[in-house]
Amino acid sequence: MTFKIVSLAKPNTFAFETSALVKPTGFREYDARWWFGHPGSEKTPELNLVGVQALGMGLGTLIRRLGVGPDIVVGHDFRGYSLSIKQALTAGLMAAGARVKDIGLALSPMAYFAQFALDMPSVAMVTASHNENGWTGVKMGAARPLTFGPDEMSALKKIVLEGDFDLVGGGAFEFVEGFRGVYLDDLTAGHRISRKLKVVAACGNGTAGAFAPEALERIGCEVIPLDVELDHSFPRYNPNPEDMAMLHAIRDKVLETGADVGLGFDGDGDRCGVVDNEGNEIFADKVGVMLARDISAIHPNSVFVTDVKSTGLFTTDPVLRANGARADYWKTGHSYMKRRVTELGAIAGFEKSGHFFFNAPIGRGYDDGIVTAIAVCEMLDRNPGRSMADLYRDLPLTYGTPTMSPHCPDEVKYGVVDRVVADFQAMKEGGAIFAGQKIADLITVNGVRVVAKDGTWGLVRASSNKPEIVVVVESPVSAERRREMFDALDAVLRRSPEVGAYNQTF
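Residues numbered from 1 in each chain as written. Predicted model: local features only at pLDDT ≥ 70, side-chain atom pairs only at ≥ 80, totals over all residues. Heavy atoms only, no water.

**So, helix α3 (residues 82-95)**
Then, number 1: In this model, α3 (14 residues) spans 20 Å end to end at C-alpha, consistent with the 20 Å of a helix rising 1.5 Å per residue.
Then, number 2: Among the residues of α3, S82, I85, K86, A88, L89, T90, G92 and L93 are the ones counted as buried.
Then, number 3: Against α2 (49-66), β4 (71-76), β5 (99-105), β6 (122-126), β7 (135-141) and β8 (172-175) lie the buried residues of α3.
Then, number 4: Backbone geometry just after α3 places G97 at a positive phi near 90°. (Helix = DSSP H or I, 4+ residues; strand = E, 2+ residues; numbered from the N terminus. Expected span 1.5 Å × (residues − 1). Buried < 20%, exposed > 50% of the residue type's maximum accessible area, 1.4 Å probe, protein only. Contact = heavy atoms within 4.5 Å.)

Listed below in C-alpha cells is the structure:
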C-alpha cells in the first residue's frame, strides 16, 4: 500500500492526488454513498479516485476472505463521473486478485441479473441511485440475490480504513459485450399483454431511459416517453419516483395524453413509481397492496414482506385476508428486505420507497423497477374492464403522507433516533396521551412506529443512505388525524436541535 487513507483532503492539492480520501460515514448500513462532487460544487468531497481504488482493494480482500471466489460483476450508472469511479474500483479489485467482468452502463438490477446469467458470485454496482448529482456509491453483494448488510459493510469499512488489504495480484478483466440485450430478453420473455395499454414511461433523464421504454414496448404497451434522454445533469428533476416533483410531471403527462398509467423509474432502475389514469400519484406501499391482491388471488396464502414505513392495509385489507395472505413488517432498506424475503420464502416484498422484490415465479428475489412495471401492466391486463384508478379506489381509504426527510448530519442521526425511541417508550410506559390518544403499540424493529388506538401511526427512523431522518404518517380515520399525528411527532423530533428542515411535507 503506497498511499495513506484519510478522511479529509482538499481538492486541487498534492495531498488530494496522493492520498486515499474515504470518509468513514460513507459506509452505510447496506451500501456505500459518498459526496464525490462535480464541476462548480463548493461542497467538500468525501471520496476521491484513489479512495475508490482503496475501496476496490478492500472489497476484493473481503470477498476472498468470505470464501466466495474471486469472480465479480461490475457496472455503472449514467453519471458524468461513474465510469471513472468504476475503473478505479476495478483497478483496486484486480490488485486484490479479483476476476472482473464489466457489463458497462447498467441498471442495478441488470448487475444483479448478471450474477445469475454469467454465474458470478459477487457484484459491485457503481451508482448513487436517486441521490442528487455529485453523489456516488456502490451496491455490493457476494451471495446472490442478496446485497451486503451491516455485518459485511462493517467488515469492509474496517478493512479499508485500516488499509488491511490482501494484494495478491493475479486479477483479470473482461468486458461483456451486448449484455443490455441479454437483460432485456430475460425481462420480457414470456410476458405479452393483450390489453391495449398506453403507458407513460418517465425516467428523469437517468439510466433507466436506455432500458425501460423498450422493455414496455416489447410486452405490447404503447409507450409515451417522458424525460428518457440520458442527461446526467438531470435538467428537470432528480430521477426519484418518491419525490413529488417527478410524480407531478408524470401526472401532467398522463392527463395530457390520456394514458392508462404512468410509471416512473429512479436513477439506477431498481424502483418504480405509479400514477393512475386520473392523475393520482399512488404511493408505492398502496401499489404494493394492489399487487399483493392480484398475486394472492393467483397464489392463495402468499406471504408478503413489507417495510415499517408502509401502510397498515397489508394486515387489515379484507381482500388480502380473504385470499389468506400474510404480511411481515420488516426493516426499511433494500438489503434488509431482500434478505427477509429470501428467509421467509415470501413471494414478494414491498418497500414504501418503491423497491419491490419478487421471488419465483415472478422474479429472482432482487429489486427491479422494470419487473415491477411489468407486474403492474399484467395486473391491468387481468382486469380488462377496470382502470388503474378503479383498482386504487377499491382499496380501503387511508390518509398517508409522502416520505418526508428533515436534514440531520450522519454523525448524529442515529443518536437522535435513539432519543426519540426512548421518549416514546417512556410515554407509553407512563400512559401518556400522544396526538390525542394513548399509544397502543410501538414497533421498534427500525426506528420507532408509534400506533394510536384508532390505528393512526407515525414513523421516525434514520435514513440509511443520506444525512436525514425519515418521517412517515398514516391515518385510517381522517386527514385531520394524520395532521395531528404529524404535528405531535414533529414536536418530539424538534427536541433535538440537530434536526433541520424537511425536504418535502404534505
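**Some details on the sheet that holds strand β11 (residues 261-265)**
Then, number 1: One open sheet accounts for five strands, arranged β10-β9-β11-β12-β13; its pairing is mixed. On the outer flanks of this sheet lie β10 (222-226) and β13 (281-282), each paired with one strand and no other.
Then, number 2: By the bridge criterion, five bridges tie β11 to strand β12 (residues 272-276) in an arrangement that is antiparallel. Within β12, the residue paired with L263 across the bridge is V274. (Pairing = 2+ DSSP bridges.)

**So, the side chain of D294**
Then, number 1: Of note, D294 is situated in helix α9 (residues 284-298).
Then, number 2: Take D294: its relative accessible area is 11%, and that puts it in the buried class.
Then, number 3: The contact partners of D294, leaving out residues within four places of it in the chain, are M379, R382 and N383.

**Re the pattern of salt bridges**
Then, number 1: Under the counting rule described, the total for this entry stands at 43 salt bridges.
Then, number 2: The salt bridge partner of R364 is D186, with a shortest N-O separation of 2.9 Å. Pair noted here: R364 is in the loop between β17 (356-358) and α13 (369-381) and D186 is in helix α6 (residues 179-188), with a separation of 178 residues, a long-range link.
Then, number 3: Taking the relative accessible area as the measure of exposure, D186 reaches 30% and is therefore partly exposed.
Then, number 4: Salt bridges sharing partners connect three or more residues here, namely R180, D185, E214 and R218. (Salt bridge = Lys/Arg side-chain N within 4 Å of Asp/Glu carboxyl O.)

**Brief notes about unusual backbone geometry**
Then, number 1: The residue after R144, namely P145, is reached through a cis peptide bond having omega 5°.
Then, number 2: Structurally, the position occupied by P145 is in the loop between β7 and α5 (150-162).
Then, number 3: The omega torsion of the bond from A360 to P361 falls at 10°, within 30 degrees of zero and hence cis.
Then, number 4: Summarising the element assignment, P361 is placed in the loop between β17 and α13.

**Considerations on the packing of aromatic side chains**
To describe a pair of aromatic rings, you give the distance between the ring centres and the angle between the ring planes.
Then, number 1: Applying the stated criterion across every chain, the model contains 17 aromatic pairs.
Then, number 2: Arranged with centres 5.9 Å apart and planes meeting at 20°, the rings of F314 and F350 form a pair that is stacked. Placement of F314 in helix α10 (residues 313-316) and of F350 in strand β16 (residues 348-350) is noted, with a sequence separation of 36 residues between them. Taken as a pair, F314 and F350 share a single burial class, namely buried.
Then, number 3: On the basis of an interplanar angle of 80° and a centroid distance of 5.3 Å, the ring pair of F486 and F506 is categorised as edge-to-face. (Phe/Tyr/Trp six-rings, centres within 6.5 Å; stacked < 30°, edge-to-face > 60°.)

**A few points about the nonpolar core**
In a soluble, globular protein the nonpolar side chains are often hidden away together inside.
Then, number 1: Ranked by internal contacts, the top residues of the largest apolar core, which has 68 residues, are L216, L263, F265 and I370.
Then, number 2: Per-element accounting of this core gives the leading share, nine residues, to α13.
Then, number 3: When near neighbours in sequence (up to four residues on either side) are disregarded, L216 contacts V199, A201, C221, V223, L263, F265, A373 and C377.
Then, number 4: Membership of the second largest hydrophobic core comes to 36 residues, among which are W34, A54, L59 and F148. (Core = buried A, V, L, I, M, F, W, Y, C linked by side-chain atoms within 4.5 Å.)

**Overview of the sheet that holds strand β14 (residues 303-307)**
Then, number 1: Taken in spatial order, the four strands of this open sheet run β15-β14-β16-β17, and their pairing is mixed. Looking along the sheet, the strands with just one partner apiece sit at the ends: β15 (326-330) and β17. Between one strand axis and the next, the sheet turns through 15° on average, direction left out of account.
Then, number 2: Sheet analysis places β14 next to β16, joined by three bridges and oriented parallel. Across the sheet, the residue bridging to T306 is F350, located in β16.
Then, number 3: Here α9 sits on the sheet in contact with β14, β16 and β17, set at roughly 20° to β17. (Axes fitted to C-alpha atoms, helices over the stretch in contact; angles between N-to-C directions.)

**With respect to the packing of helix α15 (residues 410-429) against helix α16 (residues 479-493)**
Then, number 1: Direction vectors running N to C along α15 and α16 enclose 120°, while the axes themselves pass 10 Å from each other. Between α15 and α16, the angle falls in the class oblique. In this structure, the crossing between α15 and α16 has a hand that is right-handed. Taking contact as the criterion, the partners of V416, V420, D423, F424 and M427 in α15 are, on α16, L489, V492 and L493.
Then, number 2: Here the residues of the contact of α15 with α16 sort into seven nonpolar, no polar and one charged. (Parallel < 35°, antiparallel > 145°, perpendicular 65-115°, else oblique. Left-handed = near helix turned anticlockwise from the far one by under 90°. Nonpolar A, V, L, I, M, F, W, Y, C, P; charged D, E, K, R; others polar.)

**Notes on the pairing of β7**
Then, number 1: Along β7, seven of the seven residues are buried, which leaves the element largely enclosed by surrounding structure.
Then, number 2: Of the two faces of β7, the one lined by W135, G137, K139 and G141 and the one lined by T136, V138 and M140 are each fully buried.
Then, number 3: As defined by bridge partners, strand β3 (residues 32-35) adjoins β7 across four bridges and the pair is classed as antiparallel. Directly across from W34, in β7, lies its bridge partner T136.
Then, number 4: Here β6 pairs with β7 via four bridges, running antiparallel.

So far we have only geometry, and geometry alone does not tell us how the molecule works.
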